[in-house]
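Residue strings, one per chain:
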Amino acid sequence: MRAVLIVARGVFTDSIRDRIPYNLVFFAVLLMGASFLLAQLTAGQDVKIIKDLGLSAATLMGVLIAVFIGIGLVAKEVDRRSIYSLLSKPITRSQFILGKYLGLVLTLVANLSVMAIAYYGVLAYLDWITPASVKLGWEAAALDPALLKAFVLIGVELMLVTALALFFSTFSSTFLSAALTLAIYVIGHFSEDLRTLESFGASSTVSMIGRGLYFMLPNLAPLNVTSALVHAQPVSVQHMLLASGSIGLYVAVLLVASTLVFDRRDFK
Amino acid sequence: MPASASSSPSRRRALHWVAFTVLLVGAIGTQILIDGAFERYAPKQPVQWVRSPGVMRRLVLGFDSLAADIYWIRAVQYYGGTKLATAENKDYSMLFPLLDITTTLDPRFNIAYRFGAILLSEDYPNGPGRPDEAIQLLEKGIRESPGKWEYYLYAGFVHYWWRQDPRSAADWFLRASKLPGAPNWIGPLAASVLAEGGEHGAARTLWRQLAQSAQQEWMRRTARIRLLQLDAEVVIDQLQPLVNRFYDGAGRFPTGWNELVRAGLVRGIPLDPTGVAYTVDPVSGIVDVAPGSELFPLQRRTLGSGLEP
């Protein structure tokens, strides 16, 4: 476990030093800029739009970071040939994979936490400048703590994307890994359609393959609770646990598969 | 030689800066030339590239809520742009599809149903004049959120004000009043709509409620204008018989209010609630608000036809 944590800490400190500050400044500027601009463009709804925009931006940035750092986690070590010295140390390949994964997940969690603080900061400002009569029309308070549930589920989604990127990077080039990870991410949002292909006129064989793929691939739709939370609809703890548990199992499968593939690679 | 070697890096840096500036100015200049030389392609009418709400929902990859916001902004901008355009024939045909996509992407987009219904109902040229589409949009909202009394209220409002159908309006108001959370003035409103028919009382109640309760300034302002228009209509209803009486005496309609003042029919030039004089048409004798008034054009309603047995 100690070896895993050492690898994880290495990934985390590298990422923090290099990328997080720029990302967060961009996120905060985007949100603040949007809050002033959008209020001019739309008839009301600025609070809804800022909530939506903030959560979408957090998701998008998180996915991009997870993909583009995730695909380089193993490839970079191989390219720099540092993998040889690393594996010569008392560390197993599974510990290496797990450490790399945990390091990036920690980075993403730190990233998301600061984005959540920036998000609530902008919402607090909006709350402060908005007259009480206008606030009466809001479906939920600007500083609704339930919005944190969305950040939790975004975190779960990013954990899966990281595991996918890591898995593909164990056996393919960085470009192909990025393409495959993004493809699975896209399919994850379509997977409800895979289950009901017959309603689009597909033959029974294609429908069966679609249903098979539906169960094989992770379904990301239940993780998307932005709309429900912005409209003050309840998102139960049970739903969150079930959705996170399902994704957690896919993550575990991907990590085991990554270890299996990585174990077979010859670095001698 | 050593001196030139030491100055060479700084000279190189300076050259780089000069090159950077010259190239940047060149790039900007080229862009200006392109703008002048080529007309940028823009469709004559705004185009909605994806018309199917279902396809759009799939294309946005889970960012449904944000995409709905973008479509809502687009719908509002489209409506405003068309309304303010100076074109003779205003085309609002994209308004309903835009609202349809907005509400498919975010089925709980409360304001898109309510505002959307008002925008769709507005008479041409201020809107598409499609209360049928407004009702369709509100019915979609009701399918998504059957307990939302506001949608029933707005549906009643559309029937009452734009479709001039008090019976259907009363029915919608009654359904709204039975829903949990509905304000207690809706029940009596249903009764007064049925009882008053063509009178202004129920309309005044509706607009007053909106002027007081709507959260958006745009909606409150619209409601305030409508209330002032109702006041103007009451005054016009009093002025019109005086103009007709002038006709009975003179055999022609007056050319202006001064003739009615001289004839002793009015005490002074009548002003509408915004302080602009009413107009009287010398040919038809019709009294109206002036085109320069904030209240122009009046949307005069002849309610009550729906109450006929």
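Basis of the calculations
- Residues numbered from 1 in each chain as written.
- Chains lettered and ligands numbered in written order.
- Predicted model: local features only at pLDDT ≥ 70, side-chain atom pairs only at ≥ 80, totals over all residues.
- Helix = DSSP H or I, 4+ residues; strand = E, 2+ residues; numbered from the N terminus.
- Buried ≥ 20, exposed ≤ 12 C-beta atoms within 10 Å, placed from the backbone.
- Contact = placed C-beta atoms within 7 Å.
- Axes fitted to C-alpha atoms, helices over the stretch in contact; angles between N-to-C directions.
- Parallel < 35°, antiparallel > 145°, perpendicular 65-115°, else oblique.
- Left-handed = near helix turned anticlockwise from the far one by under 90°.
- Domains from an automatic or database assignment.
- Nonpolar A, V, L, I, M, F, W, Y, C, P; charged D, E, K, R; others polar.
- pLDDT = per-residue confidence, 0-100.
- Core = buried A, V, L, I, M, F, W, Y, C linked by C-beta atoms within 7 Å.
- Expected span 1.5 Å × (residues − 1).

Colleague: Describe the overall build of chain B, and please don't skip the residues or the numbers.
Modeller: When you go through chain B residue by residue, the secondary structure sums to 12 helices and 2 strands. When the helices and strands of chain B are listed from N to C terminus, the series reads α-α-α-α-α-α-α-α-α-α-α-α-β-β. Relative to its 309 residues, chain B shows a buried fraction of 32%. Within chain B, contacts between residues separated by at least 24 positions form 52% of all contacts whose residues are at least 6 apart in sequence.

Colleague: If you had to explain the overall build of chain A to someone new, which residues and values would you point to?
Modeller: If you tally the helices and strands in chain A, you get 12 helices and 0 strands. Of all intrachain contacts in chain A linking residues separated by at least 6 positions in sequence, the fraction that spans at least 24 positions is 82%.

Colleague: Would you mind going over the packing of helix α6 (residues 131–144) of chain B against helix α7 (residues 149–162) of chain B in detail, with residue names and values included?
Modeller: Residues and elements named next belong to chain B. The N-to-C vectors of α6 and α7 enclose an angle of 170 degrees; their axes lie 9 Å apart at closest approach. One finds that α6 runs roughly antiparallel with respect to α7. Remark: the crossing between α6 and α7 carries left-handed chirality. The residues of α7 that touch α6, namely those facing P131, A134, I135, L138, G141 and I142, are Y151, Y154, A155, V158 and W162.

Colleague: Break down the domain arrangement of chain B for me, citing the residues and quoting the values.
Modeller: When its domains are assigned, chain B resolves into domain 1 (53–223) and domain 2 (235–307). On a C-alpha basis, the centroid separation for the pair domain 1 of chain B and domain 2 of chain B is 33 Å.

Colleague: Outline the interface of chain B and chain A, listing residues and values.
Modeller: Taken together, the 20 residues of chain B in the interface contact 24 residues of chain A. Of all elements in the fold, only α3 (64–84) and α5 (110–121) of chain B reach the threshold of two or more residues within the side of chain B that touches chain A. At 8 residues, the largest contribution of residues to the side of chain B that touches chain A is made by α3(B).

Colleague: Tell me about the environment of B:L242, and name the residues and values.
Modeller: Residues and elements named next belong to chain B. For L242, the location among the structural elements is in helix α11 (residues 217–250). Under the C-beta neighbour-count criterion, L242 is labelled partly exposed, with 17 such atoms within 10 Å. Those residues in contact with L242, other than ones at most four positions away along the chain, are L260, L265 and V266.

Colleague: Tell me about the packing of helix α4 (residues 95–105) of chain B against α5(B), and name the residues and values.
Modeller: All names here are of chain B. Direction vectors running N to C along α4 and α5 enclose 175 degrees, while the axes themselves pass 11 Å from each other. For the element pair α4 / α5, the angle class is roughly antiparallel. Across from L95, F96, L99, T102 and T103 in α4, the residues of α5 making contact are A112, Y113, G116, L119 and L120. Per-class residue counts for the contact of α4 with α5 are 7 nonpolar, 3 polar and no charged.

Colleague: Explain unusual backbone geometry to me, using residue names and the numbers behind them.
Modeller: Residues and elements named next belong to chain B. For the bond from Y124 to P125, the omega torsion is 10 degrees, close enough to zero to count as cis. Among the structural elements, P125 can be located in the loop between α5 and α6. In this structure, L61 takes a positive phi of about 50 degrees despite not being glycine. Positive phi values are uncommon outside glycine, yet Q164 reaches one of about 50 degrees. Using a count of 17 C-beta atoms within 10 Å as the deciding quantity, one classes Q164 as partly exposed.

Colleague: Talk me through the confidence of the model for chain B; I want residue IDs and the actual numbers.
Modeller: Residue and element names in this part refer to chain B. Averaged over every residue, the pLDDT of chain B is 83; the share at 70 or more is 87%. Confidence drops under pLDDT 50 across residues 302–309; counting only partners more than four residues distant or on other chains, this segment forms 18 contacts. In the predicted assembly, ipTM is 0.80 and pTM is 0.74.

Colleague: Account for the nonpolar core, naming residues and giving values.
Modeller: Grouped together as the largest cluster of nonpolar side chains are 120 residues, with contacts concentrated most on A:A66 and B:F173. Discounting chain neighbours no more than four positions away, the residues touching A:A66 are A:L104, A:L108, A:L158, A:V161, A:T162 and A:A165. Core analysis: the next-biggest nonpolar cluster, separate from the first, contains 6 residues, B:W257, B:L260, B:V280 and B:V287 among them.

Colleague: Residues and numbers for α5(B), please.
Modeller: Residue and element names in this part refer to chain B. Taking 1.5 Å of rise per residue, 12 residues should cover 16 Å, and α5 covers 17 Å from first to last C-alpha, within 8% of that figure. Taking burial as the measure, the 12 residues of α5 include 11 buried ones, the bulk of the element. Within the span of α5, buried status applies to N110, I111, A112, Y113, R114, F115, G116, A117, L119, L120 and S121.

Colleague: Before we move on, can you summarise the confidence of the model for chain A with the specific residues and values?
Modeller: In the predicted model, chain A carries a mean pLDDT of 85, and 94% of its residues have values of at least 70. When mean pLDDT is taken per element in chain A, helix α8 (residues 147–169) of chain A scores highest with 95 and helix α2 (residues 20–41) of chain A scores lowest with 69.

Colleague: Explain the environment of B:S65 to me, and be specific about the residues and the numbers.
Modeller: Counting through the fold element by element, B:S65 comes out in helix α3. As a C-alpha pair, B:S65 and B:T104 span 39 residues in sequence and 9.9 Å in three-dimensional space. The contact partners of B:S65, leaving out residues within four places of it in the chain, are A:D52, A:T226, A:S227, A:V230 and B:D106.

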